[in-house]
Amino acid sequence: MYELNYELKDIDTKQFYGVQNQYFNLIKSSFPTLKVTGRDNFIFAMGNSEALKVLQEKLDDIVSFISNNNSIELKDVESILKIRDENEKQLVFDSDILLKGVGGKIIKAKTTNLKKLVKVSEKKDMVFAIGPAGTGKTYTSVALAVRALRDKQVKRIILTRPAVEAGESLGFLPGDMKEKLDPYMQPLYDVTSPEKG
């Protein structure tokens, strides 16, 4: 009989255990030959050495997933527990997260077309995105630009936007040039401001 004492480090244990220990119970049921218990940030297991080794790998993967994403869902735990090789592991861990903003807010491509936009932008220098208002084109594009700046792929971001006038000329709006353009630039500011992440 072998033992494993595993410490959960640098993650929120509530994320690990899940609501009413849902995630932890799933982990335990996936290892029926082991006796697995948890208390706060420690996991204890007893049983066969091979099964303990696999359990430790799965715990490492779950902790890594939570660290990278600041959260985990039941489907993610299920996927991690089913991983059989490195290719499957890469698919599970290849998330659509573009960046983590201030306060840990996650910015990611949510729709199929936005995911395509992200993939194409990684291969091409210039991409044109066309679609209805409010579908996330600007938000995703600015997030990609911020990621490139953070990763030192670019030295600066230049925000440009056509000033499409809605019935009145910009010249008649009050204020200086910046104040006149602010309403048109607001969607770009929203993505890059710290409060929005």
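Presented here is a report on the structure given in the accompanying data block.

Tallying each qualifying case throughout the model produces 3 salt bridges. Close ionic contact of E122 with R147 constitutes a salt bridge, the shortest N to O distance being 3.3 Å. Within this pair, whereas E122 is found in helix α6 (residues 112-123), its partner R147 is found in helix α7 (residues 137-150), the two being separated by 25 residues in sequence. The exposure class of R147 is buried, given its relative accessible area of 18%. Note that R150 and D151 form a salt bridge whose closest N and O atoms lie 3.0 Å from each other. With a relative accessible area of 38%, D151 lands in the partly exposed category.

A few words now on the packing of helix α3 (residues 49-69) against helix α4 (residues 74-82). When two helices pack together, their arrangement is given by the angle between their axes and by how far apart the axes lie. Where α3 meets α4, the closest approach of the two axes is 10 Å, and the angle between their N-to-C directions is 145°. The two elements α3 and α4 meet at a crossing, and its hand is right-handed. Contacts between α3 and α4 involve K58, D61, I62 and F65 on the former and, on the latter, D76, V77, I80 and L81. Taken together, the residues that form the contact of α3 with α4 break down as 5 nonpolar, no polar and 3 charged.

So, about the packing of aromatic side chains. Evaluation of the coordinates by the stated rule reveals 4 aromatic pairs. For the ring pair F16 and F24, a centre distance of 6.3 Å and an interplane angle of 50° mean the geometry is tilted. You can call F24 buried: its relative accessible area is 5%. Put simply, the rings of F16, Y17 and F24 pair up and form one aromatic cluster.

Bringing the nonpolar core into the picture now. Formed by 27 residues in total, the largest nonpolar core has its most connected members in F16, I43 and L55. Put simply, the parts of the chain that give this core at least two residues each are β1 (2-7), α1 (13-17), α2 (22-29), β3 (42-47), α3 and α4. Broken down by element, this core gets its largest block of residues, 8 residues, from α3. Excluding its chain neighbours within four sequence positions, the residues that come into contact with I43 are L4, N5, Y6, L8, F16, Y17, F24, V36, T37, G38 and L59. Counting 8 residues, the second largest nonpolar core, distinct from the first, contains I107, A109, L117 and V118.

Take a nonpolar patch on the surface next. Side chains of L149, V154, I157 and L159 sit close together on the surface and give an oily, nonpolar patch of about 260 Å² of accessible area. With respect to the element layout, I157 can be found in the loop between α7 and α8 (177-192).

On a regular strand, one side chain projects to one face of the sheet and the next to the other, so that they alternate. Residues of β3 alternate between two faces, with I43, A45 and G47 buried on one and F42, F44 and M46 left unburied on the opposite face. Summarising the sheet, β1 and β3 pair through 6 bridges and their orientation is antiparallel. Bridge pairing in β3 links E7 to F42. Relative to β3, strand β2 (residues 35-39) runs antiparallel, the two sharing 5 bridges. The residue bridging K35 from the neighbouring strand is M46, located in β3.

This part takes up the packing of α6 against α7. α7 packs onto α6 with a crossing angle of 35° between their chain directions and a minimal axis gap of 11 Å. α6 and α7 meet at a crossing whose hand is right-handed. Listed contacts from α7 to L114, L117, V118, S121 and E122 of α6 are K137, T140, S141, L144 and R147. Residue composition of the contact of α6 with α7, by class: 4 nonpolar, 3 polar and 3 charged.

The rules behind the values
- Residues numbered from 1 in each chain as written.
- Predicted model: local features only at pLDDT ≥ 70, side-chain atom pairs only at ≥ 80, totals over all residues.
- Heavy atoms only, no water.
- Salt bridge = Lys/Arg side-chain N within 4 Å of Asp/Glu carboxyl O.
- Helix = DSSP H or I, 4+ residues; strand = E, 2+ residues; numbered from the N terminus.
- Buried < 20%, exposed > 50% of the residue type's maximum accessible area, 1.4 Å probe, protein only.
- Axes fitted to C-alpha atoms, helices over the stretch in contact; angles between N-to-C directions.
- Left-handed = near helix turned anticlockwise from the far one by under 90°.
- Contact = heavy atoms within 4.5 Å.
- Nonpolar A, V, L, I, M, F, W, Y, C, P; charged D, E, K, R; others polar.
- Phe/Tyr/Trp six-rings, centres within 6.5 Å; stacked < 30°, edge-to-face > 60°.
- Core = buried A, V, L, I, M, F, W, Y, C linked by side-chain atoms within 4.5 Å.
- Patch = residues over 30% accessible without salt bridge, like charges linked within 9 Å, V, L, I, M, F, W, Y side chains within 5 Å.
- Areas by Shrake-Rupley, 256 points an atom, 1.4 Å probe, with all protein chains shown as cover.
- Pairing = 2+ DSSP bridges.

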